[in-house]
Amino acid sequence: MIGVQFDSGETAEAVQWAAFQRGLLVLEAGEDVVRMSPPLVVNAAEVDTAVWLFGEAVSAVAADPRGTLHAAHRWGADEEPVGG
């Protein structure tokens, strides 16, 4: 498991959403951390792809933090799951 800490919970939420939009599933952990939990069996190409997608997500949030967060809120990505 790998955690990346950001400057705020809003930034972490926006990065999580931007990664999801790119096909990379990550989860917020705590207030301002995004965690990645790769499978036990993963090859170098898959790791390279995940790191590239995560970098793209971070870059998108850095370029337009409010826009990415607004998109997450618009699609309900910040709501609690049903039953959770």
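Structure: above.
Residues numbered from 1 in each chain as written. Predicted model: local features only at pLDDT ≥ 70, side-chain atom pairs only at ≥ 80, totals over all residues. Heavy atoms only, no water.

On to the overall build of the protein chain, then. When helices and strands are tallied, the protein chain shows three helices and three strands. Sequence-ordered secondary structure for the protein chain, helices as α and strands as β, is β-α-β-β-α-α. Expressed as a percentage of its 84 residues, the buried residues of the protein chain come to 29%. For the protein chain, contacts bridging at least 24 residues in sequence account for 62% of all contacts bridging at least 6. For the protein chain, the exposed surface amounts to about 5,700 Å²; the carbon and sulfur share of it is 58%. (Helix = DSSP H or I, 4+ residues; strand = E, 2+ residues; numbered from the N terminus. Buried < 20%, exposed > 50% of the residue type's maximum accessible area, 1.4 Å probe, protein only. Contact = heavy atoms within 4.5 Å. Areas by Shrake-Rupley, 256 points an atom, 1.4 Å probe, with all protein chains shown as cover.)

With that settled, consider a nonpolar patch on the surface. Together, Val42, Val47 and Val51 make up a nonpolar patch on the protein surface, roughly 230 Å² of accessible area in all. By the element assignment, Val42 lies in the loop between strand E3 (33-36) and helix H2 (44-63). A residue is classified by how much of its surface remains accessible, and Val42, at 37% relative accessible area, is partly exposed. (Patch = residues over 30% accessible without salt bridge, like charges linked within 9 Å, V, L, I, M, F, W, Y side chains within 5 Å. Salt bridge = Lys/Arg side-chain N within 4 Å of Asp/Glu carboxyl O.)

Right, let's get into the sheet that holds strand E2 (residues 27-29). Strands sit in the order E1-E3-E2 across an open sheet of three strands; the sheet is antiparallel. Each edge of the sheet is formed by a strand with only one pairing partner; in this case those strands are strand E1 (2-5) and E2. Adjacent strand axes in the sheet meet at a mean angle of 40° when their direction is disregarded. Here E2 runs beside E3; their pairing, made up of three bridges, is antiparallel. (Pairing = 2+ DSSP bridges. Axes fitted to C-alpha atoms, helices over the stretch in contact; angles between N-to-C directions.)

Before going further, it helps to examine the layout of surface pockets. The volume enclosed by the largest pocket comes to roughly 330 Å³. In terms of residue class, the lining of the largest pocket is built from twelve nonpolar, two polar and one charged. (1 Å grid on protein atoms, 1.4 Å probe; cavity = no way out; pocket = protein on both sides within 12 Å on 5 of 7 lines; lining within 4 Å. Points joined across faces, edges and corners; volume = space filled by probe spheres on them. Nonpolar A, V, L, I, M, F, W, Y, C, P; charged D, E, K, R; others polar.)

Okay, helix H1 (residues 9-21) next. Since the α-helix packs 3.6 residues into each turn, any two residues three or four apart lie on the same face. Compared with the 18 Å implied by 1.5 Å per residue over 13 residues, the 18 Å span of H1 between its first and last C-alpha is a close match. Residues Thr11, Ala12, Glu13, Ala14, Val15, Gln16, Trp17, Ala18 and Ala19 constitute the buried set of H1. Once H1 ends, the next one or two residues include Gly23, with phi positive near 95°. (Expected span 1.5 Å × (residues − 1).)

Along any regular strand, the residues point their side chains to alternate faces of the sheet. Note that E1 and E3 share four bridges and pair antiparallel. Across the sheet, the residue bridging to Ile2 is Met36, located in E3. In this structure, the hairpin formed by E2 and E3 is closed by a connection of three residues, where Gly30 is found at a positive phi of approximately 75°.

Between two aromatic rings, the relevant description is the distance of the centres plus the angle of the planes. Going through the model one piece at a time under the given rule, you end up with two aromatic pairs. On the numbers, 6.5 Å between centres and 50° between planes, the contact of Phe6 with Phe54 is tilted. Of the two residues, Phe6 is situated in the loop between E1 and H1 and Phe54 in helix H2; the sequence distance between them amounts to 48 residues. (Phe/Tyr/Trp six-rings, centres within 6.5 Å; stacked < 30°, edge-to-face > 60°.)

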